[in-house]
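# Structural description and commentary
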Amino acid sequence: MELEDLPSPVLVEILSRLGDSTELARCRLASRTLRSLSRDVRSVRLFCSRDRFLRSRAPDTRDHDTPFRSLVANLASFLSASPGPLALALAAERPLSAPADEVDDADDLHLTAVPFLARWLPLLAARLRSLAIDDYWLQSCWRPSQALSLIADICHDLVNLEVRNAWLSVEELKPMHKLTSLTLEFIRLDDANLDKVNECFPSLQALNLIGVGGLKEPKIHLLQLRVCTWTVSNFVLSLTVCAPKLVELKLKCVEPEALHLETPLLSELDVTIKKARAPIVVGEKLNLRSLRIESSDLCNLAQVFAPSRTIKRLELEAYGSSHVVDLVEQCTIDLLSTFPDIGELVLGPRAWFILPENLSLRGELKNLKKLTVHLAPEELDAAMITWKLTPLLTHARYCQVVMLIPAAASMDSRTHVISKCISNFPGIRWKWDTWKCG
């Protein structure tokens with residue numbers, strides 16, 4: 001059977017799963033059938049690679065390639081003939097040789113420029129359900145864009161929006177009531193307290209704010225929000241999350257002046273805070289099932305969430321880079337009184353490294369069913385491992401221990417650690433694996 005003999009819905013599905021618009025263009029040239037059906041694709045990605053970027057700038061080749069933004073406009077015109085839903089992604093890859101602080105005066109890859117979007121976005125507005133734009137930072141970092149306002153004006157059926165590497169204005173932004181998922185990553189946002197985000201995206205169920213700058217006292221107040229990832233890149237006065245339906249939150253910041261959580265249904269919390277300058281305020285008693293804490297102030301943070309007596313999985317990690325542990329204040333966490341019902345305990349490599357001098361874990365963990373340890377690269381001594389494990393496993397009769405050894409460790413080191421652990425703790429069920437450092 002020839003490819004063209006397959007049913008049309010199957011061919012459209014195949015074309016929709018192609019990784020890039022270049023592959024779609026090749027299929028369009030292969031036959032009339034594929035050209036006709038390629039208008040109906042449900043997903044397409046246009047990607048300007050480093051090689052294409054360099055060719056567009058080199059004197060010998062720049063006149064031979066169609067400008068990337070023209071390719072986008074041409075493809076939009078081609079796809080506009082079909083009425084079906086469409087997910088579109090645009091991305092520009094940054095050259096390896098570009099300095100971090102360089103600014104590019106050109107605009108050939110400024111993908112959030114309103115004049116560029118206005119050329120083709122109206123053609124696809126009725127089809128678009130998902131739009132992702134990964135801008136070229138060297139051109140977008142110094143140009144504020146009203147792309148959000150334009151998208152809100154014409155893309156009324158959009159449910160997912162992702163924008164990366166851009167400076168976004170919220171001037172004249174109108175509500176997008178159908179949008180349920182929003183990702184802003186490495187964005188300079190002219191919305192210091194997130195007032196416009198709360199007002200114009202009221203139906204959000206998933207929100208990802210990663211490295212969003214320009215914030216002062218940001219407050220997420222979204223009544224339908226269920227999942228949120230928030231990585232705060234700059235120092236802010238306070239952070240507030242008010243989301244009555246939120247069940248999963250991943251929060252990363254440095255030293256906030258204040259942190260307020262009004263999330264009564266929250267069940268999974270992953271919080272990374274170097275050190276809180278003021279107490280963390282939890283509006284209502286949480287019903288957490290899973291808690292991960294990464295901090296230089298593990299004990300105080302542990303006490304903040306101790307009233308949630310429903311935690312079954314606890315993960316602890318000391319704040320720092322992959323190989324360096326920040327200064328951690330000496331502390332003792334009584335697991336039995338603080339987290340009496342945990343069935344799974346996970347220790348990150350830096351938390352394991354500072355045991356027990358800076359971090360002491362006490363309590364008879366009779367309910368512990370699983371202990372996962374990321375061994376620190378600096379510490380593959382079997383005697384040291386036995387010394388640290390003994391107080392944790394003394395009362396854990398039915399516990400499985402998952403020992404993750406650094407992937408860079410030699411085979412001899414791995415074999416020695418495994419044999420010693422098995423002989424020193426004969427009643428424990430062991431599982432061995434590796435993890436990559438950094």
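Computed from a predicted structure; not experimentally measured. (Residues numbered from 1 in each chain as written. Predicted model: local features only at pLDDT ≥ 70, side-chain atom pairs only at ≥ 80, totals over all residues. Heavy atoms only, no water.)

## Regarding the overall build of the protein
Secondary structure assignment for the protein yields 14 helices and 21 strands. Dimensions of the protein, computed from C-alpha atoms along their principal axes, come out at roughly 70 × 50 × 45 Å. Looking at the protein residue by residue over its 438 residues, the buried ones come to 48%. If you take every contact in the protein between residues at least 6 apart in sequence, the share linking residues at least 24 apart comes to 55%. Surface exposure of the protein reaches about 20600 Å², of which carbon and sulfur atoms provide 52%. Each charge class in the protein can be summarised by its mean position, and for the 51 positive and 54 negative side chains these summaries are 5 Å apart. (Helix = DSSP H or I, 4+ residues; strand = E, 2+ residues; numbered from the N terminus. Buried < 20%, exposed > 50% of the residue type's maximum accessible area, 1.4 Å probe, protein only. Contact = heavy atoms within 4.5 Å. Areas by Shrake-Rupley, 256 points an atom, 1.4 Å probe, with all protein chains shown as cover. Lys, Arg positive; Asp, Glu negative; His and termini not counted. Charge placed at Lys NZ, Arg CZ, Asp CG, Glu CD.)

## Comments concerning the pattern of salt bridges
Side chains carrying opposite charge are able to pair once their charged atoms draw close together. Per the stated rule, a full pass over the model turns up 16 salt bridges. Among the charged side chains, a network of salt bridges with common partners joins Asp270, Arg292, Glu294, Arg313, Glu315, Glu317, Glu344 and Arg350. (Salt bridge = Lys/Arg side-chain N within 4 Å of Asp/Glu carboxyl O.)

## Quick notes on helix H6 (residues 114-124)
Regarding H6, the residues found buried are Phe116, Leu117, Trp120, Leu121 and Leu124. Summarising the axial view, the buried residues of H6 lie within an arc of 115 degrees, below the 170-degree limit, and thus occupy one face. Check the buried side of H6 and you find it contacts helix H5 (68-79), strand S2 (86-92), strand S3 (128-134) and helix H8 (147-154). (Arc of directions from axis to C-beta.)

## Thoughts on unusual backbone geometry
With the exception of glycine, the majority of residues adopt a negative phi angle, and the majority of peptide bonds are in the trans configuration. Between leucine 355 and the following residue, proline 356, the backbone shows a cis peptide bond with an omega angle of -15 degrees. Position of proline 356 relative to the elements: it lies in the loop between helix H12 (349-353) and strand S18 (359-362). Its identity is not glycine, yet asparagine 165 carries a phi of approximately 60 degrees, on the positive side.

## Considerations on the sheet that holds strand S7 (residues 219-221)
If you trace the four strands from one edge of the open sheet to the other, you get S7-S9-S11-S13, paired in parallel fashion. Sheet topology places S7 and strand S13 (280-282) at the edges, where each strand pairs with a single neighbour. Pairwise comparison of adjacent strand axes, ignoring direction, gives a mean angle of 5 degrees for this sheet. Where S7 lies against strand S9 (residues 239-242), three bridges are found, and the strand directions are parallel. Along S9, the bridge assignment pairs lysine 219 with threonine 240. (Pairing = 2+ DSSP bridges. Axes fitted to C-alpha atoms, helices over the stretch in contact; angles between N-to-C directions.)

## So, the packing of aromatic side chains
Per the counting criterion, the structure on display carries four aromatic pairs. Ring centres of phenylalanine 116 and tryptophan 120 lie 5.9 Å apart, and the angle between their planes is 55 degrees; on these two criteria the pair is classed as tilted. Here phenylalanine 116 pairs with tryptophan 120, and both are found in helix H6, just four residues apart, close to one helical turn. An identical accessibility class is assigned to phenylalanine 116 and tryptophan 120; each is buried. The ring of tryptophan 167 has arginine 188 lying over it, and the distance from NZ or CZ to the ring centre is 3.7 Å. (Phe/Tyr/Trp six-rings, centres within 6.5 Å; stacked < 30°, edge-to-face > 60°. Lys NZ or Arg CZ within 6 Å of the ring centre and 35° of its normal.)

## Re the packing of H5 against H6
The N-to-C vectors of H5 and H6 enclose an angle of 15 degrees; their axes lie 8 Å apart at closest approach. Between H5 and H6, the crossing angle belongs to the class labelled roughly parallel. In the packing of H5 onto H6, the handedness of the crossing is left-handed. When H5 is examined against H6, the residues Arg69, Ser70, Val72, Ala73, Ala76, Ser77 and Leu79 are found in contact with a partner set consisting of Phe116, Arg119, Trp120, Leu123 and Leu124. (Parallel < 35°, antiparallel > 145°, perpendicular 65-115°, else oblique. Left-handed = near helix turned anticlockwise from the far one by under 90°.)

## Quick notes on the layout of surface pockets
The volume enclosed by the second largest pocket comes to roughly 160 Å³. Around the second largest pocket sit Cys48, Arg52, Phe53, Ser56, Arg57, Arg62, Asp65, Thr66, Pro67, Phe68, Asp108 and Leu109, which together line it. The greatest single-element share of the lining of the second largest pocket, amounting to four residues, is contributed by helix H4 (residues 50-57). Looking at the lining of the second largest pocket, its residues break down into five nonpolar, two polar and five charged. (1 Å grid on protein atoms, 1.4 Å probe; cavity = no way out; pocket = protein on both sides within 12 Å on 5 of 7 lines; lining within 4 Å. Points joined across faces, edges and corners; volume = space filled by probe spheres on them. Nonpolar A, V, L, I, M, F, W, Y, C, P; charged D, E, K, R; others polar.)

## A look at the pairing of S3
Regular strands place their side chains on alternate faces of the sheet. Burial runs high along S3: five of the seven residues are buried. The pairing of S2 with S3 spans six bridges and is parallel. If you follow alanine 89 over to S3, its bridge partner there is alanine 132. The sheet contact formed by S3 and strand S4 (residues 160-168) spans five bridges and is parallel. Following the sheet pairing, isoleucine 133 is matched in S4 by valine 163.

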